[in-house]
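Chains, contacts and geometry: an overview
So the chains spell out like this:
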Amino acid sequence: MSKQRVVILGASDNPERYSHRALLLLRKHGHEVVPVHPKLTEIEGSAVVADLSATTGPVGTVTMYVGAAISNGLTEKLIALKPQRVIFNPGAENTALVAELEKAGIACEEACTLVLLNTGQF
């Protein structure tokens, strides 16, 4: 897939977190990253957006690193964002949200962003 703008929902400044590793790997692969976290302002030189609704412009992929307890409240914001697809990483699965997003014409995938990037399937 071509280079795209990727929103990382549940971004982290902790190098041990998979969302942090994904940010670095996405950038290494030439993608533009938009980290989203309510309390952080910067991660590895990338400006962090505090809320999904503050994200503007076209989005190719949203990669989810938050569980259903958080993502259940994001349905309308995700639909309004109109990403081409949403990747639900391990631990972020949410079948109810997938159903709503697919109903709105947004492709959903249960996969690991790191594996997709490392195997050329992103």
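Described below are features of the structure shown in this document. None of the values given here were measured: they were computed from a predicted structure. Along each chain, residue indices are assigned from 1 in the same order as the chain's sequence is written. Reporting in this predicted model follows two pLDDT cut-offs: at least 70 for local features of residues, and 80 or more for side-chain atom pairs to be given and counted; totals over whole chains, interfaces and linings ignore these cut-offs and use all residues. Calculated side-chain values reflect all of the structure's heavy atoms, with hydrogen atoms and water omitted.

1. Some details on the nonpolar core
Most often, soluble globular proteins have nonpolar side chains that are buried together. We call a set of buried residues a nonpolar core when its members are Ala, Val, Leu, Ile, Met, Phe, Trp, Tyr or Cys and they connect through side-chain atoms within 4.5 Å of each other. Three labels apply to residues, based on accessible area from a 1.4 Å probe with only protein chains included: buried if under 20% of the type maximum, exposed if over 50%, partly exposed otherwise in between. Counting residues in each nonpolar core, the largest one holds 21 residues, and the members touching the most others are Val-62 and Met-64. Sorting the residues of this core by element identifies β1 (5–9), β2 (32–36), β5 (61–64), α3 (75–81), β6 (85–88) and α4 (95–103) as the ones contributing at least two each. Counting residues per element, this core draws most heavily on α4, which supplies 3 residues. Any two residues having at least one pair of non-hydrogen atoms within 4.5 Å are treated as being in contact. Once you skip the residues sitting within four places of it in the chain, Met-64 turns out to touch Leu-9, Ser-71, Leu-78, Val-86, Ile-87, Phe-88, Asn-89, Ala-92 and Leu-97. We count a stretch as a helix when DSSP gives it H or I for four or more residues in a row; a strand needs E for two or more, and each element gets its number in order from the N terminus.

2. A word on the pattern of salt bridges
Note on definitions: salt bridges are taken to be side-chain nitrogens of Lys or Arg within 4 Å of carboxyl oxygens of Asp or Glu. Tallied over the entire structure, the rule returns 4 salt bridges. A salt bridge links Lys-77 to Asp-51; the nearest nitrogen and oxygen atoms lie 2.9 Å apart. Remark: Asp-51 occurs in the loop between β4 (46–47) and β5 and Lys-77 occurs in helix α3; sequence separation between them is 26 residues. Classification of Lys-77 as partly exposed rests on a relative accessible area of 29%. Glu-100 is the partner of Lys-103 in a salt bridge, and the nearest nitrogen-oxygen pair spans 3.4 Å.

3. Description of α4
Within the span of α4, buried status applies to Leu-97, Val-98 and Leu-101. Buried residues in α4, looked at end-on, bunch into an arc of 100°, giving them a common side. Of the residues in α4, the exposed ones pointing more than 90 degrees away from the buried face are Thr-95 and Lys-103. Its buried side turned inward, α4 meets β5, α2 (68–71), α3, β6 and β7 (107–110). A positive phi of about 85° marks Gly-105, the residue just after α4. Note that the arc is computed from the directions linking the helix axis to the C-beta atoms.

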